[in-house]
Amino acid sequence: MNVEAIKQRIAAGIRPVVDGGTIDPAEITKVTAGLVGDAEVLLPVAEARYKDRGGPVTVGLDSLRRRLAYHRPDPRLYPLNAALCAADLARSCRTLLNLVTEPVDPHLVVLTTW
């Protein structure tokens, strides 16, 4: 697992968006695909470590697993919506990365929803 590459994709996904006209659909597509791949790598590790603890972290991990299967907005048709989804996915990946790489109190974990 390349932690630095994951952090770069998270930063790219969270970057501020001022308006839909400044969003490059190809960039959002690339960032989102990378973040989905990161989540698919990090999620099983986080689930193995925290799934049996119950509470918000278990609910959040279950929710994220379901959300990965959702259809996301097409960046060519809905660039702002796609960028917002990418930002939320990036926040979820940041939380997963923290769960996997740092000691975290699972009762204080909140995974975002999109």
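Preceding this section is the structure that the text describes.
The subject of this paragraph is helix H2 (residues 25-50). Along its 26 residues, H2 runs 35 Å from first to last C-alpha, staying within 8% of the 38 Å computed at 1.5 Å per residue. The sharpest bend along H2 reaches about 30° and sits at Leu-42, with the proline Pro-44 one to four residues further on. At the N-terminal end of H2, a side-chain oxygen is found 3.2 Å from the backbone nitrogen of Ala-26, two or three residues along, and the residue is Asp-24.

Along the polypeptide, Ile-23 turns up in the loop between helix H1 (3-14) and H2. With relative accessibility at 7%, the residue Ile-23 sits in the buried group. Considering only alpha carbons, one finds Ile-23 and Pro-75, 52 residues apart in sequence, at a separation of 8.5 Å.

The subject of this paragraph is the environment of Val-41. Within the secondary structure layout, Val-41 lies in helix H2. Taking the C-alpha atoms as reference, Val-41 lies 9.7 Å from Leu-96; in sequence the two are 55 residues apart.

The next thing to look at is the packing of H2 against helix H4 (residues 79-101). One way to put it is that H2 packs onto H4 with a least axis distance of 8 Å and a crossing angle of 30°. Viewed along their axes, H2 and H4 adopt a mutual orientation that is roughly parallel. For the crossing formed where H2 meets H4, the hand is left-handed. Facing H2, whose interface residues are Ile-28, Thr-32, Leu-35, Val-36, Asp-38, Ala-39, Leu-42, Leu-43, Val-45, Ala-46, Arg-49 and Tyr-50, H4 presents Ala-82, Ala-83, Ala-86, Leu-89, Ala-90, Cys-93, Leu-96, Leu-97, Leu-99, Val-100 and Thr-101. Here the residues of the contact of H2 with H4 are counted per class, giving 19 nonpolar, two polar and two charged.

Conventions we followed
Residues numbered from 1 in each chain as written. Predicted model: local features only at pLDDT ≥ 70, side-chain atom pairs only at ≥ 80, totals over all residues. Heavy atoms only, no water. Helix = DSSP H or I, 4+ residues; strand = E, 2+ residues; numbered from the N terminus. Expected span 1.5 Å × (residues − 1). Bend = angle between axes of the 7 residues up to and from the residue. Polar contact = N/O pair within 3.5 Å; in protein donor to acceptor, adjacent residues only side chain to side chain. Buried < 20%, exposed > 50% of the residue type's maximum accessible area, 1.4 Å probe, protein only. Axes fitted to C-alpha atoms, helices over the stretch in contact; angles between N-to-C directions. Parallel < 35°, antiparallel > 145°, perpendicular 65-115°, else oblique. Left-handed = near helix turned anticlockwise from the far one by under 90°. Contact = heavy atoms within 4.5 Å. Nonpolar A, V, L, I, M, F, W, Y, C, P; charged D, E, K, R; others polar.

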